[in-house]
Amino acid sequence: MSTNLDYDTIVIGGGFAGVSAVRDLCDQGYRVLLLEARDRLGGRTWSETKKIGDFEGVVEHGGQWLWPDRQVNMMAEVQRYGMTLQQSPFPDHYPTLSHGEHNPGPLPVPLEEIYDFERAYFQIMTDAARMTRGVPLDKQNVADLDIPFSEYLDKLDVGPKTRAYLSFLCYNDTCRYPDEVSALPPVSFIANMDHSLIKTWGIFEDYLTEGTGALINAMADDTDADIRYETPVASVSQDADGVTVTTRGGDSFTAKTAVVATPLACWNDIEFTPPLSADKAETTRERHVAYPIKIWAQVKNAPKPVASMADALTSNGAITAFTQHDLGDDGQVLIGFFIDHPDRPSFGTDFAGVEQFIHTLYPGAELVAYDAHRWATDEFAGSGWVAYKPGRISKSHSRLSTPEGKLFFATSDIAIAFLGWIEGAVDMGKKAAVDAARQMTREAIEVSVRAHASSAATAVPR
Ligand SMILES: Cc1cc2nc3c(=O)[nH]c(=O)nc-3n(C[C@H](O)[C@H](O)[C@H](O)COP(=O)(O)OP(=O)(O)OC[C@H]3O[C@@H](n4cnc5c(N)ncnc54)[C@H](O)[C@@H]3O)c2cc1C
């Protein structure tokens, strides 16, 4: 191992996975360089103080909610940096929209289908009970569930309203349509949520008062890492001496190890020498992409506090819109999600499209102002979060995060627990830091053993 390397570790990508790895490695005294493509940290989390109509406050364009009871890594960060949590308002109104029909709630399905609902609920819980949080899905004998979500619904054999309501599990987890994505990650998410379907719907509660940006900046400020912004990485090569990372601008840096903490959808944009293993290379090429548009909107004349669910298949991609802030006479701030599919109808993000989205869920409501970001076409995200197509995750899950030589991989898109969530990103970042540190320690020991052996061999015997 050369002693002239620039750093111990180069971390590529400054989302929660990358910054967790940076912070943990710096805590242990390693020299770390973080290369981030954007002009900010946070990646698919992005908070800023903003004005939307009559509302002014912290707006989260991406990842926002966490679950304090079980997301232990996130809670450790929240406590370490003195952040505070608050809850989105609990809804008084719980309407559903399926097959173009508005149901005011509170029951999600009509009474004539209530036994269908009970039977399907029992089957889903039985399937989720086969899974253990924290064990990769290729090690759990659940390949029979790695089928299109639509096929999974067919097997449940329920009435149309129940089917529409249960599809929400797919929309919520993947922001894709049931014929395109696997049933396995959405069902396994119930295992993550203490085997409770109700908790799975209810995760949109606790969020950081100060915003995710305040937390990730506090984590980065707590390090002595070199951080370079607006520095997208073009290539990564490794040999016996170490790793060389070259930016699109042509600068090269060397290190003993590197952590690839870019989104799965972006691995394809980096040239790896030697190439990534077949599982990783094929998976990034297959584009397991979620298409969410998350809007923050000031809306008048809608019920409040409210939380709706829609059958995206028959509502043009609309999924949900729920109360985030009550603005009194000025209405409320709703957070909404819809599917921004490239090949199917989408509302789009101009005023008329967002207004149509709001009217779909709340006929008669008035859209005053809004904010939205298109994640799937964002060059350095490539996807809102991961949405696995059928047949991949039950085959490759554990191998997507296997280290390759001096490279370690960390992103929520390959997380073993809380796949696709900020918690999963932090968990994978921490694991990559442990693995990289372990490898550097092992190599340091080998170097010192070799040096000792050669000095013993050349020593003049008395
Ligand atoms: C609309 C939306 C809502 C969500 N809601 C929630 C939620 O409520 N709760 C939750 O837990 N999760 C939520 N998520 C998911 C969550 O935000 C992500 O799972 C998590 O933030 C991903 O973290 P990461 O570090 O793995 O990846 P990222 O945050 O994407 O970080 C990767 C970083 O790599 C950088 N990068 C990319 N390419 C390069 C390159 N070539 N060179 C250098 N840098 C590069 C990117 O700029 C980025 O900063 C949501 C996501 C979206 C989009």
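This one's a predicted model, so the numbers in the text were calculated from it and none came from an experiment.

Rules used in this analysis
Residues numbered from 1 in each chain as written. Predicted model: local features only at pLDDT ≥ 70, side-chain atom pairs only at ≥ 80, totals over all residues. Heavy atoms only, no water. Near = heavy atom within 4 Å. Polar contact = N/O pair within 3.5 Å; in protein donor to acceptor, adjacent residues only side chain to side chain. Areas by Shrake-Rupley, 256 points an atom, 1.4 Å probe, with all protein chains shown as cover. Helix = DSSP H or I, 4+ residues; strand = E, 2+ residues; numbered from the N terminus. Nonpolar A, V, L, I, M, F, W, Y, C, P; charged D, E, K, R; others polar. Salt bridge = Lys/Arg side-chain N within 4 Å of Asp/Glu carboxyl O. Buried < 20%, exposed > 50% of the residue type's maximum accessible area, 1.4 Å probe, protein only. Domains from an automatic or database assignment. Contact = heavy atoms within 4.5 Å. Buried area = accessible area lost by both parts, 1.4 Å probe. Core = buried A, V, L, I, M, F, W, Y, C linked by side-chain atoms within 4.5 Å. 1 Å grid on protein atoms, 1.4 Å probe; cavity = no way out; pocket = protein on both sides within 12 Å on 5 of 7 lines; lining within 4 Å. Points joined across faces, edges and corners; volume = space filled by probe spheres on them. Pairing = 2+ DSSP bridges.

Chemist: I would appreciate a short explanation of the site of the ligand in the present structure.
Modeler: Looking at the ligand, there are 36 residues lining it, with Glu36, Arg44, Thr411, Ser412 and Ile422 nearest. Within the backbone of Gly15, one N or O atom sits 3.5 Å away from an oxygen atom of the ligand. Within the side chain of Ser412, a nitrogen or oxygen atom sits 2.7 Å from an oxygen atom of the ligand. When isolated, the ligand has an accessible area of 1,000 Å², and the protein chains bury 98% of it. Where the shell around the ligand is concerned, the elements lending two or more residues are helix 1 (16–27) and helix 12 (422–458). When grouped by side-chain class, the residues that make up the shell around the ligand number 17 nonpolar, 15 polar and four charged.

Chemist: What am I meant to see in the pattern of salt bridges here?
Modeler: In a structure, side chains of opposite charge can pair up when their charged atoms sit close to one another. According to the stated counting rule, one finds 31 salt bridges in the structure shown. Between Asp24 and Arg23 there is a salt bridge; the shortest N-O distance is 2.9 Å. With relative accessibility at 12%, the residue Asp24 sits in the buried group. Sharing partners across several salt bridges, the network here consists of Arg23, Asp24, Asp27, Glu77, Arg80, Asp222 and Lys430.

Chemist: Is there a simple way to explain the domain arrangement of the protein chain in this structure?
Modeler: Quite often, the size of an interface is put as the accessible area lost when its parts meet. We note that the domain assignment places domain 1 (7–43 + 211–287 + 388–451) and domain 2 (96–201) within the protein chain. Contacts between the two partners involve 18 residues from domain 1 and, on the opposite side, 21 residues from domain 2. For the domain 1 and domain 2 pair, buried surface summed over both sides reaches about 1,400 Å², with 62% attributable to carbon and sulfur atoms. Contact with domain 2 buries surface across domain 1, with Pro390, Ser394 and Phe418 losing the most and accounting together for 34% of the total. The tally of links between domain 1 and domain 2 comes to zero salt bridges. Here domain 1 is connected to domain 2 by seven residue pairs in polar contact (both at pLDDT 80 or more). Residues that form the side of domain 1 that touches domain 2 fall into these classes: eight nonpolar, five polar and five charged.

Chemist: Explain the nonpolar core here, please?
Modeler: As a rule of thumb, nonpolar side chains are buried together in soluble globular proteins. In this structure, Ile10, Leu215 and Val236 are the most contacted members of the largest nonpolar core, which totals 123 residues. Per-element accounting of this core gives the leading share, nine residues, to helix 12. No fewer than three residues from each of domain 1 (7–43 + 211–287 + 388–451) and domain 2 (96–201) sit in this core. Excluding residues within four positions of it along the chain, Val236 makes contact with Ile12, Val243, Thr244, Val245, Ile270, Glu271, Phe272, Thr273 and Leu407. Residues Ile295, Ala302, Ala321 and Leu367 belong to the second largest nonpolar core, which totals 20 residues.

Chemist: Even after reading the chapter, I still don't get empty space enclosed by the protein, so can you show me in this structure?
Modeler: Once rolled over the atoms, a probe with the size of a water molecule shows which space is left empty. For the structure on display, the rule yields three cavities of 30 Å³ or more. Its volume calculated, the second largest cavity comes out at about 60 Å³. Lining the second largest cavity, in full, are Thr96, Leu97, Ser98, Pro108, Lys161, Ala164, Tyr165, Phe168, Met309, Ala310 and Asp311. For the lining of the second largest cavity, the secondary-structure elements that each account for two or more residues are strand 7 (96–98), helix 5 (160–174) and strand 16 (309–310). No other element matches the four residues that helix 5 contributes to the lining of the second largest cavity.

Chemist: Explain the sheet that holds strand 9 (residues 206–208) to me, please; I cannot follow it from the model alone.
Modeler: Backbone-to-backbone hydrogen bonds pair the strands of a sheet. The strands run either parallel or antiparallel. An order of 5-9-6 is seen for the three strands of this open sheet, with the pairing classed as antiparallel. Pairing within the sheet leaves two strands with one partner each, and these edge strands are strand 5 (65–66) and strand 6 (85–87). Sheet analysis places strand 6 next to strand 9, joined by three bridges and oriented antiparallel. Pairing of Gln87 across the sheet is with Asp206, part of strand 9.

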